[in-house]
Every structure is written in C-alpha cells, then in structure tokens.
Amino acid sequence: MPRYDAPIRDMQFILHDVLQIQNYSNLPGFEEVTPDLVNAILEEGGKFAKEVLYPLRAIGDQQGCIRNADASVKTPDGFPDAYKQLVEGGWPLLSVSPDMGGQGLPHIVNIAWTEMVSSSNMAFGMYPGLTHGAYQALMAGGSEELKQKYGPKMASAEWAGTMNLTEPQCGTDLGLIKTKAVPQPDGTYKITGQKIWISGGEQDLTENIIHLVLARIEGGPEGIKGISLFLVPKYLVNEDGSLGERNPASCGGLEEKMGIHGNATCVMNYDGATGYLVGEEHKGMRTMFVMMNEARLGVGLQGLSQAEAAYQNAVDFAKDRLQGRSLTGAQAEEKPADPIIVHPDVRRMLLDQKAFIEGGRAFAYWTAFQADLEHKSPDEKVREKAADYMALLTPVVKAYLTHKGYECANAGLQLHGGSGFTREWGLEQIVRDCRITTIYEGTNGVQALDLVGRKLAANGGRAVFSFFADIDDFVATHEGNEDLKPFLDGLQSIKAELQEATMWLMQNGMSDFNNAGASSHDYLHLFGLTALAFMWARMAKVALEKKGSDPFYETKLKTGRYFIDRMLPDGAAHLAKVKTGAASMMALEAEAF
C-alpha cells in the first residue's frame, strides 16, 4: 500500500557531510546547529509527516474543498486538526526571527522540513508554505506598524497568508491588472477587483487570512510600473490585536482542478475592502517578488518532493511485483516469477528517479544555503556572491526540479503498470498533484526566459562566471584523485557545454531575441544538469572519504556513477539545440499550424 518515510539519512548526509552546516557557528542562527539538534528536528518532522499528514493525503484528494452558501470554505476532514497540531508544535517558526517569536534556525533547516511536508501531503503543505512567503514579503516591505500588528501571528501560521496576483485577463503579464485601490483620508485604501487561482483564499484552518493583493492606485501609471501591493485582512484587526469587523473580501468560487484537491483554490472578490499599502506606491512588484522568489524555490522543492514520494512507492512495487524471469536466468527460483526489479528497463526508471532526486535535493539545499549566507554572513563579498547565486539559480531550481520531478512521478506510475493508473496505489494522485508545479509561480517557459533574458546578463554576467569559477576551483583542487576522476571528467565536460551555450547566447541572443527565446528551454536544462553534476561531484568526494564505514556511501557512489554514465550525456543534445537558434522554430506561418 502507498507510504511515505522521510529520507532522513540522505538529508543528514547533505546537511552534515556535504554542506557541513555545523561549521558555520559564527553566523547568526547557526550557533546551536549541532548535528544532534538537526537530527532531532528531522526525526520529529519525519514522524509528523508520516503519522499526521500522509494519512490525509488521499482523503484530501477524494473529498476536496467545499464552498458553503455563505462563501465560507470547508477543507477536507482532518485538515483543521492537523493544522492545529502543526501550529501548536511550532513548526512554522523554525527559521523565523526570535523577534517575531521564532526559533531563528537557518533557512536550510526549514527547507528539509518543508520537503517532508510536501512529500507527505502537497495540498496541505501549501497553506503554511504560502503563509511563510507572505510573512517574508511583509517583513521585507511593510511598515513597522504592519509588521508588529500582523507579523507574529503570520509567523506562527495562526493567521494564514495568500498571494493575489492573477486576474481573469492577466497571468504572466501583470501590467494588465485592473484591480484598483482608492486612497482614503485615514491613509488606508479601498480595494476593488477580482483575483483568480488564489491558493488558500478562504478556508477553515485559521481565524484570519491576510491577503497580499496587487492593485493599481487610482491615477497611477499604466503597466507594471503602476502596480502597488496591499495587505488586505479577512477580518480587520483592532488596536489591541483582537479581530474586528469582516472585510468585504470573499470567495466567489472554487476551481475544479486536476490535482491538489485538498487546497482551496479560490476566486476572490474584493468589493471596497480596506487595504494597507505595503512598501512604496507603484513599487509593489519589488516587494511581491520577495514572496514570488520564496514561492518559486518552494515549488521547485514540491517537484522534488513528489518525485521522492513516487520513487519510494515504485521501489516497493518493483521488489514485490512478480513478472517474468531475468534475462540472464531465474533470480528467485522458489517463486513463480522474478520481482520486476531484476529487469534492466525497470532499473532504468528507478535509477533515473534516484539519481535525479539525490542530486536535486543537494542542489535545492545548497541553493537554500545561499539565502542564509546572503542574509547572515559578515563578509560583504560572501553576501554579494550568495545574492547573485540566489537570483541566478532560482529559475533553475523552480523549472528544472519540477520538470524532472514530474517525469519521475510519471516513471513511478509507469513502473506500476496498470496498477499505477488506479487510485488504490496512490501514484495517479502524485502525477496529478505534481503537474501544477511546472505551471504556477511562473510557468517553466517563463523561468527559462527569465534565466536567459535577465539573470545571465545581470552585473555583466558576474553570477554565471562565478558559478563557472567555483566548478573550475573544485576540479583543480581534486585533480589527481583517481577515484573521483569520473565525476571530475563529467563535471568538466558538462561545464564546458554550458559555457559554450552561454557564450552562444551572449553572441546571438541580443542580435535576435527569438534566438534567446528558442534556446531558453534547453539552456535551462543544460544548466540544471551542470548543477546536478557539481552536486554529484561534491557528494562523491565525501562518499569516497567515508566509504567502508557504512554501505550508504557505496550506494551513493554507484548512484552517482549512473548519473554520470546515463544522464549527463543529455547535455550534448541540449547544447546542440541551443545552438540551432530560432530559424526553424519560427519558420512556419501561424496559419500552417
């Protein structure tokens, strides 16, 4: 039957052995981050995910959310109680500043916890996940008054948060927003308009919901430069912190979706609702991007987490399901057939999943670690480099991990054969849930355009050239290590392909923007492969040093060698397609399609 067990051993390997976060005790929040503390958090988090959240996964999918006649929303059975346990356990406060009642632990520790939540119950995890993003945006752009009034209860997730961007006529092109904000004599604004696809826009988990809403102040500039950000609470909050009257912000309907049924995806109607400006007038996108970038990293992690859930169940099935005999002779002679894990093509599917998941997890955690360095390092150069990496890598984490994560979910279903197509085995839900990750928070195509159109050229290409230099330094440092040589050779090869693709884009993308657009998808995938090759080289270095002390490390090396042999060669195809440019892609007249 379907199950989920947090991959704690692999998380420990990345945190303690590869990133060695225990060695950064000089940074704020890292002072007490000992392996014992982190392990305790992982163990308890894994238990919560398995025992509380995972049993609600299928229930949430089958029941979905219900909009009542009074526009309130009922979430699936068990969700309110699980959410209460989440808040009472203090889980949302892991990485929140002590000033807001949090534990002040590093962001990277919270990332591991977030992965567990998403793997066990993706729809549920979106409620606290988006709340944390809204909290971060408030902390980045809100006035001190708004921070003190709303921050603590959003930090603890006692009050939920949402992100309101999309409208019926605009998604990616937010310059088309029509929601308006009318200034009031008391300094507030009246917000009127409709937002769609608002995750958690209405629910029965929290007593208040804090909506962050993009709107255009009356008379403001047209386009993206005229958009402001507003905090619009479901219930107004009195000076003493108690809840006041209901704001005219209501759920006009629920979307009937392919997956994530347990999350309430709402049409939100704002009918002169009271809102408070967050940040400066007409500069709302600047603050909202704090939440959007946080959300994009979270979505990348969702893709990885669904791959993990699919992989675990695929492994169980492959070991138990008896079909046919091994091509080299019976492996289980006492049984009527061999378990399907003996078949090479089944192993291909499993190893494609395993090699991606372990490399992708290291990449996601390493990127999250950059956020800690950006905000906490006393060294200005370290902070600058970490900020560069966060900007450069966010679209890669989001798009590459969700694309490959969805492929892994499908591979898990495929491996189950006909059983995977039925509800009983749980794989079809994983596929449906995972599908949205390549679409929301900016489609993967938009992420690729962001990477080649904005991130590569930023600061004269400083971030990408720093990334290349880090790879070169790693290879040079370990040159002569014969055991590590396959990983170093693979890393050097894929880095050279990415460098060639980068130079091609810099030379040809500006002369014809369609070249950049046509090559962006393959460039992003080439970047993702390079990032995973870097992570696998780093993991292999550690595994070689510790080999013999634990079978875990030998397994890690064998998985890494599969990545080098069977997955890394895809880089050559991506490079060839990058250099093809836009000519054949743009040749057909629209009428010819």
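Before going into details, it helps to say that this report is about the structure given with it. Just so it is clear, the model here is predicted, and its values are computed rather than measured.

Parameters and conventions
- Here the residue numbers are simple positions, counted from 1 along each chain's written sequence.
- A pLDDT threshold of at least 70 governs which residues receive local features in this predicted model, and a stricter bar of 80 or more applies before side-chain atom pairs are shown or counted, although totals over entire chains, interfaces and linings include all residues.
- Here the side-chain values reflect all heavy atoms present in the structure, with hydrogen atoms and water set aside.
- Any two rings among Phe, Tyr and Trp, with Trp reduced to its six-membered ring, count as a pair given centres within 6.5 Å; such a pair is stacked if its planes are under 30 degrees apart, edge-to-face if over 60, and tilted if neither.
- For the purposes of this entry, the term helix denotes a DSSP run of H or I that reaches at least four residues, the term strand denotes a run of E that reaches at least two, and both are numbered from the N terminus.
- Only Lys NZ and Arg CZ are tested; either one counts as a charge over a ring when it is within 6 Å of the ring centre and within 35 degrees of the ring normal.
- Between the first and last residue of a helix there are one fewer steps than residues, each counted as 1.5 Å, and that sum is the expected span.
- Working definition: with a 1.4 Å probe on protein chains only, accessible area under 20% of the residue-type maximum means buried, over 50% means exposed, and in between means partly exposed.
- Orientation is described by axes fitted as lines to C-alpha atoms, over the contacting stretch for helices, and by angles from 0 to 180 degrees between their N-to-C directions.
- To sort the angles, those under 35 degrees are grouped as roughly parallel, those over 145 as roughly antiparallel, those from 65 to 115 as roughly perpendicular, and the leftovers as oblique.
- Handedness of a crossing follows from how the near helix is turned relative to the far one, being left-handed for an anticlockwise turn of less than a right angle and right-handed for a clockwise one.
- Under the grouping applied here, Gly and all other residues not named as nonpolar or charged are polar, the nonpolar ones being Ala, Val, Leu, Ile, Met, Phe, Trp, Tyr, Cys and Pro and the charged ones Asp, Glu, Lys and Arg.
- Here, two residues are considered to be in contact whenever any of their heavy atoms come within 4.5 Å of each other.

Quick look at the packing of aromatic side chains
According to the stated counting rule, one finds 25 aromatic pairs in the structure shown. For the ring pair Y389 and F467, a centre distance of 6.3 Å and an interplane angle of 80° mean the geometry is edge-to-face. With Y389 in helix α10 (residues 380–415) and F467 in helix α13 (residues 462–477), this pair connects stretches of sequence that are 78 residues apart. Members of the aromatic cluster, connected to one another through ring pairs, are W366, Y389, F465, F467, F468, F474, Y523, F527 and F534. A cation over a ring is seen here: R246 above Y235, with NZ or CZ 5.6 Å from the ring centre. A cation over a ring is seen here: R435 above Y406, with NZ or CZ 5.2 Å from the ring centre.

Some words on helix α5 (residues 107–120)
In a regular helix each residue adds 1.5 Å, so 14 residues correspond to 20 Å; α5 covers 20 Å between its end C-alpha atoms and thus fits that length. Within α5, 13 of the 14 residues are buried, which leaves the element mostly enclosed by the surrounding structure.

A word on the packing of helix α9 (residues 344–376) against α10
Here α9 crosses α10 at 155°, and the two axes come no closer than 8 Å. It follows from the interaxial angle that α9 and α10 lie roughly antiparallel. α9 and α10 meet at a crossing whose hand is left-handed. Considered class by class, the residues forming the contact of α9 with α10 number 22 nonpolar, seven polar and four charged.

Looking at the environment of A409
Mapped onto the fold, A409 is located in helix α10. The class of A409 is buried, set by a relative accessible area of 0%. The spatial distance from the C-alpha of A409 to the C-alpha of Y311 is 7.5 Å, given a sequence separation of 98 residues. If sequence neighbours within four positions are ignored, A409 has contacts with A310, L427, I430, V431 and C434.

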